[in-house]
Amino acid sequence: MLGPVRAWHGDSEIDLGPPQQRAILALLLVKAGQPASMVELISLLWPHDPPVSAANVIQRCIGALRRALEPGLPPRSNGRWLIRQGGGYRLALDGASLDLRQFRALAKQGRNALEGERPADAVPLFVQALQLWRGQCAAGIEADSLFRAVDQERLIVAQEAADSALRFGGARLLLPALRQAGAGAQLDEPLQARLMLVLAAAGYQAEALGIYQTVTRQLADDLGMDPTQELREAYQKVLRQQATPDLPSHQSAPNDNGTHSAHTAINHLTTAGSAALAGNQLPTNGSAAPTPSPALAAPDSNATKAVSGQSSDEESPAPLVPLAQLPADLPTFTGRRAELDRLHGLLEPTERGPASVRIVAIDGMAGIGKTTLAIHLAHQVAQRYPDGQLYLNLRGFDSSGTAMTASEALRIFLDALGIAPQRIPVEVEAQAALYRSMLHGRKVLVLLDNARDVEQIRPLLPAAAGCLVIITSRNQLTGLITTHAAYPLTVESFSAQDARATLTQRLDPYRLADDSAALDEIVELCAGLPLAVAIVAARATVHYYLPIAAIAGELRDARTRLDAFSANDPATDMRAVFSWSYELLSPQAARGFRLLSLHSGPDIALAAMAGLLGRPEPDTRRLVTELTRARLITEHHPHRFSMHDLIRVYAAELAAELDTEADRTEARRRLFDFYLHSAYRANSLLGPYFIPIELADPQAGVVPAELPSKQHAKAWLAAERHVLVATVRIAADSGFATHAWQLALIPQQFLQRQGYWHDWEAGARLGLAAAVTAEDLTGQAHTRRSLAGALHFLGRNDEALTELEATHRLFAELGYTTEHAYLHSNFGAVLAQQSRYEQAIEHHEQALRLYSEMADRNGQAASLERIGGCLTRLGCYPEGIEFIDEAMEIYRSLDNGIGQGDCWTALGDTHHLLGEYHQAADCHARAIAFFKENGDRTYEAQVLVALGDSWLAADYETAAGEAWERALAILDELRLPLANPVRTRLVRLHESLRHSPLPSTA
């Protein structure tokens, strides 16, 4: 009763029949042994205008229920349980056979415990009672006042349990059941107030405050009311951290001999499950547990985790690799003792633990050392956050002006947390909610570097009380201090002592001892700027033969020659330091430094740098080594380099001053050519996808990335994925419209197969915008068709059809003929997804005709296979199989393994629809072999799922489980959305096998 109405004979669930029949049973159950009159039953089924035959209908339902509850009952017999009484009917069940009676009995025991000598036993008993609920009383049956009255009993018990937990301890034990009760009664202010206090007592202050915001918003929107005083007082207690901390929960739950612990009793009840109506009774105190009912029985926890890959209620799915994203700490870090002492004092663990997420907001001027301090602090406290560390440079003050959006940042974090790209929601609010859910119950350190403003980072803040967030920004984030109680720390310039210590640690002490006065002058001229100090130290290290006094003299001269230092203008100081550091470079390295400012970031590979500079890769490596030694760029990953945003600004200023516009334009063209031709080469290796464009030859000096195999192509596209999208944007902004839309189009196959459908859509939209601006109809046509594909995979088929129709008009205007074949194939795929098979077939037939005119054998085979698949969905099995077989022959002649795999998949699906499960399994196995041979793991996993379905339908449970396990391993590795349905299949299979009767030993 406490949820959907269900019943069992032993381990077998009873079919309770149609809705009217189930409603009658629900009313009899809720009457708890009291008779229900005919008037009550008629009013339940027909609140208004009952038919003349109402009584006859009810009698037929009663008869069907008797036969369901007592199989083999003679006709017109009352039976033992469903009894006619006083013009109505009564269900005679004992207390152990009905969860409603169990709930009331446990609640009564809890109240008795409160009034007796052991009040701390009340919470475990209340928890047992609340855990019996699986939803609203008689869920799915039209509301009746009796059902809703039972729901109110639950809310009353939940309030009593909360009061007991706040007084006698056990908040953490109660919290799961109380959360569930509160989720179904969000406008019950007394219950929500208690839920807030219990959450705060258990250490979930942020969640408690979030409940208050949700409830007050719903009260205003739905009822136009303000919160009650009780709810406001609970909010104030939580806000001021005045909620009573949780006490150790009392472990003893009373029974006849007082020996069972609360957790033992709860586990015992969960294992036993809800009572079946036909004699599957729950144990009384001291009795043995019967066979669990399928509805509530919990599978063995270890087995469940092994099958599903999921952890317990309070845990979140773990990412595929450990979260350890912090950049390396500076080995020569010195100073900042006062700041670190303050921060460590704030973050010192307490006995109670944090009541909410802790936030540290570090601000200060550019180059002051905010990031260095934040990373050093994070490494010092990282061991307190065993669930890992997340790091992201938000590019809030990036010289390109392309600050990272909250949505981009959330996608990166969710990807790191193990969420498949295609499962990430589109709206930023939904992304933020998923992100908070993933971190719920975890202890994670999040470092957000180079933030622009509060709005950029607010969606990136976890709600979990055990998390720490460290933020750096040039701005003081006042709004964050006000709304989230962030701890602000403004980083000031180095003291002379710290600056001197930094230089002393990095340089030869014997060298420094020769001229202490010159060292003091350098410290003074650096004006306490840590980045300036670091660059001076680097210069002194490289030019080890120069006396310290000479370095001080050069720095003094630089102030005069290049906007010399001014203590009142730190930005000018930085330019001076950068200028003389730049002048140490060779001419080739200096040119390379300037042109690097043209790259979109966030980092650049060595091969791309060679393309930008138009130099061979070995020469480029020598220049890169020179730049890294001068601390002007950093190799943060092998062969991948990044440049500090301030240094990038300085490099751009130099490029504008020293390089001609023609030089900069040619460098951009080389860079775009490198990415364009490298992506084209990578795509050609993935095959057999065809890009319907021809590229112009690359500029002289551009050598596309070396990609000797399909694996190298995939790895390159994965590493450059973010850069490629950024480059499309920069190419469009720079007037290179053709590069922009072609570069958006080329990686489509990779993005499609790897599930990066949001990136596919974003790139296609940027390329389309560039083509529209340039009035390039060819670019518009191709990018609209590509955009339609992304929308189709994202499940937005109506939008996809709109783009395809626009593409059709553009193709007609351009006079295209052959391209219509691909377009009709796209139309067919989208329409088939909408189950519009007749229309899909029409488009595939037109595509087939055009592919035949083009002599495109792969296209012909694809059209034939898809026509066959649509025909089988329409029930035309022989015709469909004939088309698929014809496609198979073409693919064989072309030695196209992927195509043959597609055909075997279609045949397997057809045999499955026909109920020929062994033949279906054989076809699916053949398809898997082709996909495995061609390294297409996505298709391999999808067909493994179908193989398992066919084996299960053929009653080969073990074989089905093996196929699903293999599929799940691949899907989890690739983070594809089909993983969860497969996991559900395995859990159900496990439960089915566990409940199967043992084979006879006779």
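Residues numbered from 1 in each chain as written. Predicted model: local features only at pLDDT ≥ 70, side-chain atom pairs only at ≥ 80, totals over all residues. Heavy atoms only, no water.

Novice: With reference to specific residues and values, describe the overall build of the protein chain.
Specialist: Within the protein chain, the secondary structure is distributed over 44 helices and 13 strands. Per-residue burial over the protein chain gives 51% buried out of 1002 residues. Look at the contacts in the protein chain between residues 6 or more apart in sequence, and 66% of them connect residues 24 or more apart. Roughly 44,100 Å² of accessible area belongs to the protein chain as shown, and the carbon and sulfur atoms make up 51% of that amount. (Helix = DSSP H or I, 4+ residues; strand = E, 2+ residues; numbered from the N terminus. Buried < 20%, exposed > 50% of the residue type's maximum accessible area, 1.4 Å probe, protein only. Contact = heavy atoms within 4.5 Å. Areas by Shrake-Rupley, 256 points an atom, 1.4 Å probe, with all protein chains shown as cover.)

Novice: Mind laying out the pattern of salt bridges, listing which residues take part and the relevant values?
Specialist: Tallying each qualifying case throughout the model produces 33 salt bridges. In this structure, lysine 31 and glutamate 40 form a salt bridge, with 3.2 Å as the shortest nitrogen-oxygen distance. For glutamate 40, a relative accessible area of 29% translates into the label partly exposed. Here aspartate 619 makes a salt bridge to arginine 615, at a shortest N to O gap of 3.8 Å. (Salt bridge = Lys/Arg side-chain N within 4 Å of Asp/Glu carboxyl O.)

Novice: A description of the sheet that holds strand 12 (residues 634-637) should follow, citing residues and the corresponding values.
Specialist: The strand order across the open sheet formed by three strands is 11-13-12, and the pairing between neighbours is antiparallel. This sheet does not close on itself; its edge strands, each paired only once, are strand 11 (604-605) and strand 12. With two bridges joining them, strand 11 and strand 13 (residues 640-642) adopt antiparallel strand pairing. Residue pairing across strands places alanine 605 opposite arginine 640, the latter belonging to strand 13. (Pairing = 2+ DSSP bridges.)

Novice: Describe the sheet that holds strand 4 (residues 82-85), naming the residues involved and giving the relevant values.
Specialist: As summarised here, the arrangement of the three strands in space is 3-5-4, forming an open sheet in which the pairing is antiparallel. Strands with a single pairing partner mark the edges of an open sheet, and in this sheet they are strand 3 (36-37) and strand 4. Running at roughly 145 degrees to strand 4, helix 3 (residues 54-69) makes contact with strand 4 and strand 5 (88-91) of the sheet. (Axes fitted to C-alpha atoms, helices over the stretch in contact; angles between N-to-C directions.)

Novice: Describe helix 34 (residues 777-793), listing the residues and the values that go with them.
Specialist: With 17 residues, helix 34 should reach 24 Å at 1.5 Å per residue; the first-to-last C-alpha distance of 25 Å fits that figure. Within helix 34, 13 of the 17 residues are buried, leaving the element largely enclosed by the surrounding structure. For helix 34, the capping residue at the N-terminal end is aspartate 776, with a side-chain oxygen 3.1 Å from the backbone nitrogen of threonine 778. Following helix 34 by one or two positions, glycine 795 adopts a phi angle in the positive range, close to 85 degrees. (Expected span 1.5 Å × (residues − 1). Polar contact = N/O pair within 3.5 Å; in protein donor to acceptor, adjacent residues only side chain to side chain.)

Novice: So, the packing of helix 26 (residues 606-613) against helix 27 (residues 617-629): which residues are in play, and what are the values?
Specialist: Two numbers describe how helix 26 lies on helix 27: the axes approach to 9 Å, and their chain directions differ by 100 degrees. On the basis of the axis angle, helix 26 is roughly perpendicular to helix 27. Judged by residue contacts, Leu606, Ala607, Met609, Ala610 and Leu613 of helix 26 engage Glu617, Thr620, Arg621, Leu623 and Val624 from helix 27. Residue composition of the contact of helix 26 with helix 27, by class: seven nonpolar, one polar and two charged. (Parallel < 35°, antiparallel > 145°, perpendicular 65-115°, else oblique. Nonpolar A, V, L, I, M, F, W, Y, C, P; charged D, E, K, R; others polar.)

Novice: Requested: an account of the pairing of strand 5, with residues and values cited.
Specialist: Strand direction decides the pairing type here: strand 3 and strand 5, joined by two bridges, are antiparallel. Each bridged residue has a counterpart across the sheet, and for serine 37 the counterpart in strand 5 is glycine 88. Pairing between strand 4 and strand 5: four bridges, direction antiparallel. Paired with arginine 84 across the bridge in strand 5 is tyrosine 89. Hairpin connection between strand 4 and strand 5: a loop of two residues separates the two successive antiparallel strands, and glycine 86 in this loop has a positive phi of roughly 55 degrees.

Novice: For the environment of arginine 395, give the residues involved together with the corresponding values.
Specialist: Secondary-structure assignment places arginine 395 in the loop between strand 7 (389-393) and helix 15 (406-416). Judged by relative accessible area, which is 16%, arginine 395 ranks as buried. For arginine 395 and aspartate 449, which are 54 residues apart along the polypeptide, the C-alpha to C-alpha distance reads 7.8 Å.

Novice: Any details on the nonpolar core? Residues and values, ideally.
Specialist: Where a protein is soluble and globular, its nonpolar side chains tend to be buried together. By size, the foremost hydrophobic cluster in this structure holds 90 residues, and its most contacted members are Met1, Val5, Ile24, Ile58, Leu91, Phe147 and Leu174. If sequence neighbours within four positions are ignored, isoleucine 24 has contacts with Leu41, Leu44, Leu45, Ile58, Cys61, Ile62 and Leu65. In this structure, Ile691, Ala705, Leu743 and Leu794 belong to the second largest nonpolar core, which totals 66 residues. (Core = buried A, V, L, I, M, F, W, Y, C linked by side-chain atoms within 4.5 Å.)

Novice: Please set out helix 29 (residues 661-686) residue by residue, giving values where relevant.
Specialist: Because the α-helix completes a turn every 3.6 residues, residues three or four places apart line up on one side. Its 26 residues place the ends of helix 29 38 Å apart at the C-alpha level, agreeing with the 38 Å of an ideal helix rising 1.5 Å per residue. Phi turns positive, to about 35 degrees, at glycine 687, one or two residues after helix 29.

Novice: Go over the side chain of threonine 807, please, and point to the residues and values.
Specialist: If you trace the backbone, threonine 807 turns up in helix 35 (residues 797-814). In terms of polar contacts, threonine 807 uses its side chain to reach the backbone carbonyl oxygen of glutamate 803, at 2.8 Å. If sequence neighbours within four positions are ignored, threonine 807 has contacts with Ala781, Arg784, Arg785 and Leu823.

Novice: Account for the packing of aromatic side chains, naming residues and giving values.
Specialist: Tallied over the full model, the rule gives 12 aromatic pairs. Relative to tryptophan 133, the ring of phenylalanine 103 has its centre 5.5 Å away and its plane inclined at 85 degrees; by these criteria the two rings are edge-to-face. Of this pair, phenylalanine 103 sits in helix 4 (residues 99-115) while tryptophan 133 is found in the loop between helix 5 (122-131) and helix 6 (145-168), placing the two residues 30 residues apart along the sequence. A single burial state applies to phenylalanine 103 and to tryptophan 133, both of which are buried. Each ring, one from phenylalanine 811 and one from tyrosine 816, has its centre 5.3 Å from the other, and the planes form 50 degrees; the classification is tilted. (Phe/Tyr/Trp six-rings, centres within 6.5 Å; stacked < 30°, edge-to-face > 60°.)

Novice: For the packing of helix 2 (residues 38-45) against helix 3, give the residues involved together with the corresponding values.
Specialist: Close contact between helix 2 and helix 3 brings their axes to 10 Å; oriented N to C, the two are set at 95 degrees. When the axis of helix 2 is compared with that of helix 3, the two are roughly perpendicular. Here Met38, Leu41, Ile42 and Leu45 of helix 2 come into contact with helix 3, specifically with Ala54, Ala55 and Ile58. The residue inventory of the contact of helix 2 with helix 3, partitioned by class, reads seven nonpolar, no polar and no charged.

Novice: An account of the confidence of the model for the protein chain is needed here, citing residue identities and associated values.
Specialist: Confidence in the prediction for the protein chain averages 81 pLDDT; 85% of positions are at 70 or higher. Segment residues 249-320: pLDDT under 50, and 154 contacts once partners within four positions in sequence are set aside and those in other chains are kept. The model gives residues 558-573 a pLDDT under 50, and that stretch makes 26 contacts with residues more than four places away or in other chains. (pLDDT = per-residue confidence, 0-100.)

Novice: How would you summarise the pairing of strand 6 (residues 358-363) if you had to cite specific residues and measurements?
Specialist: The buried fraction of strand 6 amounts to six of the six residues, a majority that puts the element mostly inside the structure. Because side chains alternate across strand 6, one face comprises the buried residues Arg358, Val360 and Ile362, and the other comprises Ile359, Ala361 and Asp363, equally buried. When strand 6 meets strand 9 (residues 468-473), the two strands line up parallel, connected through six bridges. Among the inter-strand pairings, arginine 358 is bridged to a residue of strand 9, identified as leucine 468.

Novice: I'd like a description of unusual backbone geometry, backed by residues and values.
Specialist: Positive phi values are uncommon outside glycine, yet arginine 336 reaches one of about 60 degrees. When you line up the elements, arginine 336 lands in the loop between helix 12 (301-308) and helix 13 (337-347). For glutamate 775, which is not glycine, the phi dihedral falls at a positive 55 degrees.

Novice: Tell me about a nonpolar patch on the surface, residues and numbers included.
Specialist: A surface patch of nonpolar side chains, amounting to about 250 Å² of accessible area, comprises Leu187, Leu223 and Met225. Leucine 187 sits in the partly exposed class, given a relative accessible area of 35%. (Patch = residues over 30% accessible without salt bridge, like charges linked within 9 Å, V, L, I, M, F, W, Y side chains within 5 Å.)

Novice: Residues and numbers for a negative patch on the surface, please.
Specialist: A surface patch of negative charge is lined by Glu879, Glu882, Asp885 and Glu886. Within the secondary structure, glutamate 882 is located in helix 39 (residues 877-894). (Lys, Arg positive; Asp, Glu negative; His and termini not counted. Charge placed at Lys NZ, Arg CZ, Asp CG, Glu CD.)

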